[in-house]
Amino acid sequence: MIEVAVIGAGPSGVAAIKALQAEHKKFRVTCFERQSRFGGVWLYDTGLGECSGKHAYERSRKARHEGELPRNGGWPTPMYDRLYTNVPSSLMGFAEAPMLTSEQFPDRHAVFQYVEQYSEDVRPVVQFDTEVVSLSKRGTFWTVVTKHRHAVETSTAEFDKVVIATGHYESPRVPDIRGLQEALDHVEHSKYYREPAAYAGKRTLVIGGGPSGEDIAIGLIGTAEIVWRSKRSTEACCDADEFGVLPVPEVVALENEGRTARLADGNSLEDIDAIILCTGYHYSVPYLDEAHSDLIKRDGRTLDQVYRFCLYSRDISLAILAQNNMVLPFPFAQAQACWVARIWSGRLPAPSNEAIEKWRENWLQEGSSMSLAHPADGAYIDALLRDCRAAGPSGLMPVDWANERLEIRSRVPDLKLADRRRRKMYF
């Protein structure tokens, strides 16, 4: 049998295990998970608290972006208390296990429960509380070095194939804003944000134009004294303005230890009490050895040596799942896992060097973007589904991105705004 290591037992890792196990018993899977339970990013913890600004800044400035450090018996996740999904539950679920909930945009509790239930049947192959500290290749085998939380010594095992399913919410990205380093005592990265109560009565500046910046800014209304939100792009998420968040241009400098923010239009904000950086993450696989580190660009802003976003282009015995932005992560990761499993089992032909280089050339010409916003995400899943069907009817199949799903996907921004209005989002 083909020995496969799956690193991470979050939703993507579990999807990989199930896709591999569905391939006619061709694979023996071992999964390593550093947390003590299933859930991945949907696990909620208390974060790092007041030290998170300095912590995020230091880690963001590493030449090779490192992994997180354990805290309070576990590893911090980016989950905050009052999170609701940004996509409807009807689109979120795995192909063989639709997400059944009365809420169109469920909260973190409902999603975590769904993930935990979906994961339960793969428990026998998962080693919890086990961190992967090194991944390298010697000859034809991948060497995985692990350390159990309560062990003194590390353990080593060899595998034919490896799936990296540890997500891309590991290493916070901190922007280069003049004066930021002197303001870190008042700064928090969104990875460590947990609840509005910590900002009660504070004049708070949220920096970032993505969904987390929007959610967090809206969630602070009614608790913080005032909430500004700075974003560079006028096309960035902007529903927050309707709910009492004050939009401001890009922050170009911080002064007075973060109490003053200079804006791109020449104006400034004064008497700022707190700053939350919703500025995303570096791509990071800290345990991967230097010989294969070109999987990710050195600056951590994108993958590098990759084929169809999920196979390492220089050695397709290594896969990495769910790294793209603006996608539906559960069905997206599952589609990738089903496709990779068929290639590794031999039911789909391995890509030629010419095919890999052609895909990479086209991707680089398009700017090597990791964003697959609608309708590109659905088209990507459909392409992998067609390949999987070509291998025959057996095995786990990705979601069929039918007309109904495309129609719902096209209306997500309007549906989400209506849901926010219904909730009023004034926690």
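Scope of this entry: the structure provided in the associated data block. Note that this is a predicted model, so its numbers are computed, not measured.

In this section: the packing of aromatic side chains. Per the stated rule, a full pass over the model turns up 17 aromatic pairs. Taking 4.1 Å as the distance between ring centres and 10 degrees as the angle between the ring planes, the aromatic pair formed by Phe94 and Tyr118 counts as stacked. Here the residue Phe94 occupies a position in the loop between helix 3 (89–92) and helix 4 (108–119), and Tyr118 occupies one in helix 4, the gap between them amounting to 24 residues. Judged by its relative accessible area of 2%, Phe94 falls in the buried class. A relative accessible area of 6% means that Tyr118 is categorised as buried. Seen in terms of ring centroids, Phe309 and Trp363 are 5.8 Å apart; in terms of plane orientation they differ by 85 degrees. Their pairing is edge-to-face. You can see Phe309 sitting in the loop between strand 18 (306–307) and strand 19 (311–312) and its partner Trp363 sitting in helix 7 (residues 353–365), a full 54 residues away along the chain.

Next up on the list: helix 5 (residues 211–220). Of all the ten residues making up helix 5, eight are buried; the element is thus mostly covered by neighbouring parts of the structure. Residues of helix 5 that are buried include every one of Gly213, Glu214, Asp215, Ile216, Ala217, Ile218, Gly219 and Leu220, and no others. Taken together, the buried residues of helix 5 touch strand 10 (203–207), strand 11 (226–230), strand 16 (274–277) and helix 10 (412–423). Two residues or fewer after helix 5 comes Gly222, characterised by a positive phi angle close to 95 degrees.

Note: strands within a sheet are paired through backbone hydrogen bonds, in either parallel or antiparallel orientation. Read across the open sheet, the three strands follow the order 4-5-6; overall the sheet is antiparallel. At either margin of the open sheet sits one strand with a lone partner, and together these are strand 4 (130–138) and strand 6 (155–159). Pairwise comparison of adjacent strand axes, ignoring direction, gives a mean angle of 25 degrees for this sheet. Inspection of the sheet shows strand 5 (residues 141–148) paired to strand 6 by five bridges, in the antiparallel sense. Paired with Trp142 across the strands is Phe159, a residue of strand 6.

For His168, the position within the fold is in the loop between strand 7 (161–164) and strand 8 (171–172). By relative accessible area, which is 10% here, His168 ends up buried.

Moving on: the pattern of salt bridges. Overall, the coordinates contain 30 salt bridges when judged by the stated rule. Taking the shortest distance from any N to any O, the salt bridge between Glu225 and Arg203 comes out at 3.7 Å. With Glu225 in the loop between helix 5 and strand 11 and Arg203 in strand 10, this pair connects stretches of sequence that are 22 residues apart. Of the residues examined, Glu225 reaches a relative accessible area of 53% and is grouped as exposed. A salt bridge links Arg262 to Glu255; its shortest N-O distance comes to 3.0 Å. On the accessibility criterion, Arg262 (32% relative accessible area) is partly exposed.

Examined against the element boundaries, Pro351 turns out to sit in the loop between helix 6 (329–345) and helix 7. Separated by 35 residues in the primary sequence, Pro351 and Ile316 place their C-alpha atoms 8.7 Å from one another. The residues contacting Pro351, other than those within four sequence positions of it, are Tyr307, Ile316, Ile343 and Ile356.

Our next topic: the nonpolar core. In terms of nonpolar packing, the biggest core is built from 110 residues, with Leu135, Val163, Trp339 and Trp344 touching the most fellow members. Per element, the largest residue contribution to this core is eleven residues, and it comes from helix 6. Setting aside chain neighbours within four positions, we find Trp339 in contact with Tyr307, Arg308, Cys310, Leu311, Leu348, Leu384, Asp387 and Cys388. Leu205, Ala261, Leu269 and Ile272 belong to the second largest nonpolar core, which has 21 residues in total.

Rules used in this analysis
Residues numbered from 1 in each chain as written. Predicted model: local features only at pLDDT ≥ 70, side-chain atom pairs only at ≥ 80, totals over all residues. Heavy atoms only, no water. Phe/Tyr/Trp six-rings, centres within 6.5 Å; stacked < 30°, edge-to-face > 60°. Helix = DSSP H or I, 4+ residues; strand = E, 2+ residues; numbered from the N terminus. Buried < 20%, exposed > 50% of the residue type's maximum accessible area, 1.4 Å probe, protein only. Contact = heavy atoms within 4.5 Å. Pairing = 2+ DSSP bridges. Axes fitted to C-alpha atoms, helices over the stretch in contact; angles between N-to-C directions. Salt bridge = Lys/Arg side-chain N within 4 Å of Asp/Glu carboxyl O. Core = buried A, V, L, I, M, F, W, Y, C linked by side-chain atoms within 4.5 Å.

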